[in-house]
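# Residue-level structural notes
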Amino acid sequence: MARKGKDDYYYYCGADDDDDYYSTEEDNATESDSEYGGGGASDDDDEQAENAEVIDDEDIRASAKDRDSGYDFVTEDDVRRRQDKVTSEISEVLSVPPGFAAALLRHCRWDPELLKNEWFSDEARVRAAVGLAPAGQPGGDVPTALNAAPLACAICFDGHGPGGMRSAGCRSHFYCHECWRGYIRAAVGDGARCLLLRCPDPKCPAPVVRELVDAAAAGEDRARYETFVVRSYVEEGTSRYVRWCTGPGCTLAVRAHEGSSRLSEVTCECGHLMCFRCGSDGHRPTPCETARAWAERCAADGDTTSWVLENTKHCPKCRRAIEKNQGCNHMTCGAPCRHQFCWLCLGAWDNHDGDNFNCNRYNASREEFVGDESKERQARASMVRFLHYYERWTTHGESMERARKELAGELLEGFAAAMGVQPTDLGFLEEAYEQVIEARRVLRWTYAHIYGMDPDRDDIEFCEFLQGQAEGSLERLHKCAERERKELEDEMGHYWAASPSAYAAEKYVEFKQNLSNLNIVTKRHFAKLVEGYEPDVVS
């Protein structure tokens, strides 16, 4: 896949001319340096941002919902009504009971036109595939029947009089109501496979359909069976424009407008972000196949690597055991050491300023994978490489969750009280945290993306360049939103009585300006990051 080079991605961070940040010609033609206030290129640039023009809040608001245009949502009841309508039409056209019509539609992936074409071209074959009796039987197709004479149940062997037993569509294998109830309960407990349930007789293919379930099953089992039937309409249907939301407890279906050229991530009304293509949690910009392979690798080795990561972190200078209790990766060891370093690579934080952020890169020796190295050494090198990417994957995920919990807490109220403003005035801070959460999510998936790349075919260096630029800007934003905010909050708390109100207002405006500018820079960086990883996707 052809990709743009570094020179095509000059970033627009508004830094001075001698800084190692770039902007495209198109960006330069439409956006001036003053618009970005010089914020976010480095720690020195943070000072420049203080003197820049304050950017209006509306200029930096770009909700995650912006990328969801082209979607709407339908309830489970809406899906059920549509399903019942299709089932009723097929039942009438084919002259079969609704339960059999639903079974036939499932066989054809709920495509009524496909079913009618197959049925009228070879009815016998379709009947046999679903388990229906051959056409022409006396009485027609019957989904369930009661015994007309005394019989013994073939499961519990108890005798029952007329009407005390029931059969599936075969009308020849009768079982008591209690055994049917237990049989259906066990099938429903096994999940959606209950829709494939057949007659208990091992040699009988007769399907167990809705009419039989309604007559024999307990109320709770009927409700669960009905849910599986409704969900199958979307999950097994032929339409690629409808998919159930995968959020916990959500019953909404996401429907993309037909003809939509961009079936990617979508945020449901319940707040869950999902990939519309594969139905898993959102993993942009990583392809579905790569995300699936990464999840499998994490499931296989995740427990081992998690233990290693949790038990091997020490200060690189004094070797004191350390614990990460905030979201950003800028760590400061306790007194008397006070060494500042990166949580991910344990390198000095001074080496992460400006354009020097490169601990996202995995520096592997080619000799690890070629030559006469033993399988044991190759396996060890493979695990070390996986550990590099897995550590960053988990760290960004933890930072994302920590930021989400902090935003859901009393963050806005606490800072508003400290600064003497209203929580409703802190939209810029809320926006910054939302950007941190979204950026952490995207960034963690870029590590899975690069891990799955082929070094002989793919431009890993370019992807790491984009990743490093975006990660550096994110760390500066998160540091400002979290650490510098807390420092300012503590300062106001300790010296509020001695500080004139004008001083507090000045510090508040200063912080707002700097954070807003850093938020813009980070947002732009991540837009370019996604564009670089997904060159064929319009962002």
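Looking at an unreviewed UniProt entry, one finds the chain named RBR-type E3 ubiquitin transferase, with Urochloa decumbens as its source organism. Checking UniProt for the chain, the heading Cofactor (unreviewed entry) contains the comment "Zn(2+)". Heading Function (unreviewed entry) of the UniProt record for the chain holds this comment: "Might act as an E3 ubiquitin-protein ligase, or as part of E3 complex, which accepts ubiquitin from specific E2 ubiquitin-conjugating enzymes and then transfers it to substrates."

Right, let's talk about the sheet that holds strand β8 (residues 253–256) for a bit. Paired through backbone hydrogen bonds, the strands of a sheet run either parallel or antiparallel to each other. The sheet built from three strands is open, its strands ordered β1-β8-β7 with antiparallel pairing. Single-partner strands in this sheet number two, and they are β1 (71–74) and β7 (242–244). Each adjacent strand pair in this sheet contributes to an overall mean axis angle of 30°, direction not counted. Here helix α4 (residues 76–94) sits on the sheet and contacts β1, β7 and β8; the angle it forms with β1, its principal contact strand, is near 80°.

With that settled, the discussion passes to the sheet that holds strand β6 (residues 174–176). One open sheet accounts for three strands, arranged β2-β5-β6; its pairing is antiparallel. Single-partner strands in this sheet number two, and they are β2 (145–146) and β6. Two elements, strand β5 (residues 165–167) and β6, share three bridges in a ladder whose sense is antiparallel. Looking at the pairing, Arg 166 lines up with Tyr 175 of β6. Where helix α8 (residues 177–189) meets the sheet, its contacts fall on β2, β5 and β6, and the angle it forms with β6 comes to roughly 90°.

Turning next to the packing of α4 against helix α6 (residues 112–121). Between α4 and α6, whose axes approach to 11 Å, the crossing angle comes to 15°. Put simply, α4 runs roughly parallel to α6. Between α4 and α6 lies a crossing whose hand is right-handed. Contacts from Val 86, Ile 90, Val 93 and Leu 94 of α4 reach α6 at Pro 112, Leu 115, Lys 116, Trp 119 and Phe 120. Of the residues that constitute the contact of α4 with α6, the class distribution is eight nonpolar, no polar and one charged.

Bringing the packing of α4 against helix α5 (residues 98–107) into the picture now. Where α4 contacts α5, the axes come no closer than 8 Å and their chain directions differ by 105°. One element, α4, and the other, α5, form an angle in the roughly perpendicular class. Contact residues: Val 86, Thr 87, Ile 90, Ser 91 and Leu 94 in α4; Pro 98, Ala 101, Ala 102, Leu 104 and Leu 105 in α5. In the contact of α4 with α5, the residues fall into eight nonpolar, two polar and no charged.

Moving on, we get to unusual backbone geometry. Cis geometry marks the peptide bond from Arg 284 to Pro 285; its omega dihedral reads 10°. Among the structural elements, Pro 285 can be located in the loop between β10 (273–275) and α11 (288–311). Positive phi values are uncommon outside glycine, yet Arg 109 reaches one of about 55°. In this structure, Arg 109 sits in the loop between α5 and α6. A positive phi angle is found at Arg 338, which is not glycine, with a value near 60°. If you trace the backbone, Arg 338 turns up in the loop between β11 (330–332) and β12 (340–342).

What counts, and where the lines are drawn
- Residues numbered from 1 in each chain as written.
- Predicted model: local features only at pLDDT ≥ 70, side-chain atom pairs only at ≥ 80, totals over all residues.
- Heavy atoms only, no water.
- UniProt positions renumbered as here; feature names shortened; annotations may be inferred.
- Pairing = 2+ DSSP bridges.
- Helix = DSSP H or I, 4+ residues; strand = E, 2+ residues; numbered from the N terminus.
- Axes fitted to C-alpha atoms, helices over the stretch in contact; angles between N-to-C directions.
- Contact = heavy atoms within 4.5 Å.
- Parallel < 35°, antiparallel > 145°, perpendicular 65-115°, else oblique.
- Left-handed = near helix turned anticlockwise from the far one by under 90°.
- Nonpolar A, V, L, I, M, F, W, Y, C, P; charged D, E, K, R; others polar.

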